[in-house]
Amino acid sequence: DNLDEGPVVQDLPRTPREYVSETAEDSAAAVDRFKVENSRSLVAIQVSRARRHFGAPVKFTDAPGGQDATLTVRPQKDPNFSQTQERMELDRGIQAVHQVVTSATQTTWWRPVNAAIQYRPEDFCHTEVQGRYEEVDGLAEFLTGVSTAVEEALQQNETVDIFKPEFANLGDEDATGFGSKNHSNIKEVRNFHDVAYTKGKRVEAVQWIPQENNYLACSTVDNISFYDRVEHMGKATISHVLLWSWNESLAPHAILLSPWEVTTFKFWPWDRHFLIGGLSSGQLAIWKLSDYELGVSVGQKNARGSTQADDDRKGHHQPEIRERMLSTIDDSHKRPVMALEWLPAKLEIAQRKGRTTEGNPDDGPVKFLVSTAGDGQMLIWDVKSAIDNLTESDVPFKPLHKVQLQRQDSGTEMGCCQLLYAPAPPEPAEKKEEGGKKQKKEERVHSCFWASTEEGELIFGDWAAKGEEDRKPEVIKRMSTVSKTFRPMLSLEKSPIFSDILLGVTDWSFFLWREGVEQHLFQSCYASAYFTCGCWSPTRPGVIFLGRLDGQLEVWDFLDQSHKPSFSHQVASGALTCLQFLKQEKRGQSEQRLAIGDEQGHLHVLVMPANLVKEQGKEKPYMLDFFDREERRVAYFAERRTRLEGLREELEKHAQEADAAAPAEEGDDAALADMESQAMKAAEEAYQKLEKQFREELGLTDN
């Protein structure tokens, strides 16, 4: 019975014993696998600080207080550590493989084989020419007779250079023929620049001082982009017109100060002591120069070619001259003045409506000046009256007459950039009618002008045009759009030899016009670089000088060639901005000087070679014939165009008449279609018959 009872639990004290782990060895081995042992002895580093850094002054600043105050510490770059010293881990794969090329070659052996052929003369000669065998004897006799002459000619070709120029050994004269390039060595004799007044500037205009060969003036403007100029628009600055002396090329002789940039200027033809300039603000300014400031009449020139004024001014400050008179801004142009043109001394202009007449002597003082700008206005100024009133400050300087140029189609302003006065043609001799009465003289117009627009168009107008009762006066009489390039025309000059020939220079080409001819006479080919300026040669009728954007001076000699320039001369590394020849007082003067300004502020003076100065033989009649021939060509093409337009209208009229008569001819069209189908059927039958005959001749017919 006692065996059926459950286990008995006794509360006895536990005896401690040693712990035995079954996985202790495995755990120790796993820990040893993750343990890193040093393979070398440890390196000891000592960090020290230089003694001179101890006790250095330290500047502390107040930090914002409060519980939420935080201090931002930005990372600083260590100059001893740069990004170039970082090493980047690259994963690259390289495999070297030999290049395998499969090629094949075969040697061709030209095996010599003896070949012969036999033929009869009848195989090559037709039966109708059998009788020409007798001509063989005549041919043999001819060859025997000329063999000696041919042999002598061949011997001469071997001993004489037939490609050598015929006139290569002739002596060179002052000018060897038309378009000669033997003396085309243009030399630069002066280069004017100043680090204070021309650095970072662009030479905008240049003029030689009248009656002087060694003094010239130039205006400089800031050489900045259009966007920078817009940002500085409206801010008055000090601009300069520099007077240069031939004996000092590193510093100006005198300085003319202006409140705005001087875009163009000219000396008064009656008195060179007065200079009139057009400003970028649209105003006109007048400067008065003394003899000492010009430096041209104080003492005689010494042996070195300089005057006493030049010697006294060396080492001293250049004189600065302020403007004596400035036009009122309300009555001036709204945009920068682009061109100035003096009117002849004999003209007299009425203040009302600008009526122009001949009321002054030809040898009198020049009174009137015409200016134009991009605002489309032409202003006529009485300069003589303004100069007479220089001492009176209460007399305003205002234009005498204003003309607003507008486009006839849209009525918008027509901005101008170049201007030329067009003198009236000479008065014709009096003619009598059959009854003996004198004809009434035609009224001569003295108020005509040539101008170029900002889009490259050439216009001819009359500033004193009369309007009808209900219409405004039409100032613009004629417009030529062939030179329209949507960019301003760069130069517009009249030939000094032919008074009726005009030169217009655009970006890519130049044009020649003739007064009285609507179309241009000549257009040059497109240049490899932009044109920037141009002018005529003052002594040669057929030579034109053009400045380019790459600093080259192109010379076009029409006696040499007209399809491309005769040669080019590198003047500067930047663009050329203006050209101006020295007016020769004595005819036949050998040295001819050309002043050239560039965009880097340098003013170059070049001396032209003899072949570009002296007129070549009958150059003037040849150029006159050239212009007449081109005028006839223009007239021919104009007439041809008119005839073609009339022919086109006539053809269109016939086509319309034929379309109108088409319904009445429907029956005829059906008969015509029937005839065409019958002709096609007959042609098909003829083809089948010919094919059958061909098969029978070849034996291809089916049995």
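Everything discussed here concerns the structure shown above.
Read on for a plain summary of the structure. Bear in mind the structure is a predicted one, so any value in this text is a computation, not a measurement.

### Quick notes on the packing of aromatic side chains
Going through the model one piece at a time under the given rule, you end up with 19 aromatic pairs. Taken together, Phe498, Phe510, Phe522, Trp556, Phe558, Phe626 and Phe627 form an aromatic cluster joined through their ring pairs. Above the ring of Trp246, the side-chain terminus of Arg593 is found at 4.0 Å from the ring centroid.

### Concerning the pattern of salt bridges
Scanning all chains against the criterion turns up 25 salt bridges. The partner of Glu457 in a salt bridge is Arg407, with the nearest N and O atoms 3.1 Å apart. Here Glu457, found in the loop between β18 (448–453) and β19 (458–462), pairs with Arg407, found in the loop between β16 (401–404) and β17 (416–422); they are 50 residues apart in sequence, far enough to count as distant. Of the residues examined, Arg407 reaches a relative accessible area of 16% and is grouped as buried. Where salt bridges share partners, they join Asp500, Arg514, Asp628 and Glu631 into one cluster.

### Section: the sheet that holds strand β21 (residues 491–494)
In space, the four strands of this open sheet follow the order β21-β22-β23-β24, with antiparallel pairing throughout. In this open sheet, the two edge strands, each paired with only one partner strand, are β21 and β24 (522–523). In the sheet, β21 pairs with strand β22 (residues 501–505) via four bridges, with the strands oriented antiparallel. Each residue of the ladder has a partner; that of Lys494, found in β22, is Leu502. Docked against the sheet, helix α7 (residues 619–660) engages β22, β23 (510–514) and β24, running at close to 85 degrees with respect to β23.

### A word on the pairing of strand β26 (residues 543–548)
Most of β26 sits inside the fold, with six of its six residues counted as buried. Here β26 shows a buried face lined by Val543, Phe545 and Gly547 and a second buried face lined by Ile544, Leu546 and Arg548. Where strand β25 (residues 531–536) and β26 come together, five bridges link them in antiparallel fashion. In the sheet register, Cys533 faces β26, and the bridge partner there is Gly547. The antiparallel pairing of β25 with β26 creates a hairpin that spans six residues between the two strands. When β26 meets strand β27 (residues 552–557), the two strands line up antiparallel, connected through five bridges. Opposite Leu546, over in β27, you have Glu554 as the bridge partner. Taking the residues that link successive antiparallel strands as the turn, the β26-β27 hairpin has three residues, and the phi of Gly551 there is positive, at about 90 degrees.

### Brief notes about the sheet that holds strand β31 (residues 603–607)
Spatial strand order, β1-β31-β30-β29: four strands in an open sheet with antiparallel pairing. Edge strands, defined here as strands with exactly one partner in the open sheet, are β1 (187–192) and β29 (576–581). Recorded for the sheet is a direction-independent mean angle of 25 degrees between the axes of neighbouring strands. Inspection of the sheet shows β1 paired to β31 by five bridges, in the antiparallel sense. The partner of Glu188 across the bridge, within β31, is Leu606.

### A look at α7
Because an α-helix packs 3.6 residues into every turn, residues spaced three or four apart end up facing the same way. With 42 residues, α7 extends 61 Å from end C-alpha to end C-alpha; this agrees with the ideal 62 Å at 1.5 Å per step. Taken together, the buried positions of α7 are occupied by Glu619, Met623, Phe626, Phe627, Glu630 and Val634. In this structure, the buried residues of α7 make contact with β22, β23 and β24.

Cut-offs and rules
Residues numbered from 1 in each chain as written. Predicted model: local features only at pLDDT ≥ 70, side-chain atom pairs only at ≥ 80, totals over all residues. Heavy atoms only, no water. Phe/Tyr/Trp six-rings, centres within 6.5 Å; stacked < 30°, edge-to-face > 60°. Lys NZ or Arg CZ within 6 Å of the ring centre and 35° of its normal. Salt bridge = Lys/Arg side-chain N within 4 Å of Asp/Glu carboxyl O. Helix = DSSP H or I, 4+ residues; strand = E, 2+ residues; numbered from the N terminus. Buried < 20%, exposed > 50% of the residue type's maximum accessible area, 1.4 Å probe, protein only. Pairing = 2+ DSSP bridges. Contact = heavy atoms within 4.5 Å. Axes fitted to C-alpha atoms, helices over the stretch in contact; angles between N-to-C directions. Expected span 1.5 Å × (residues − 1).

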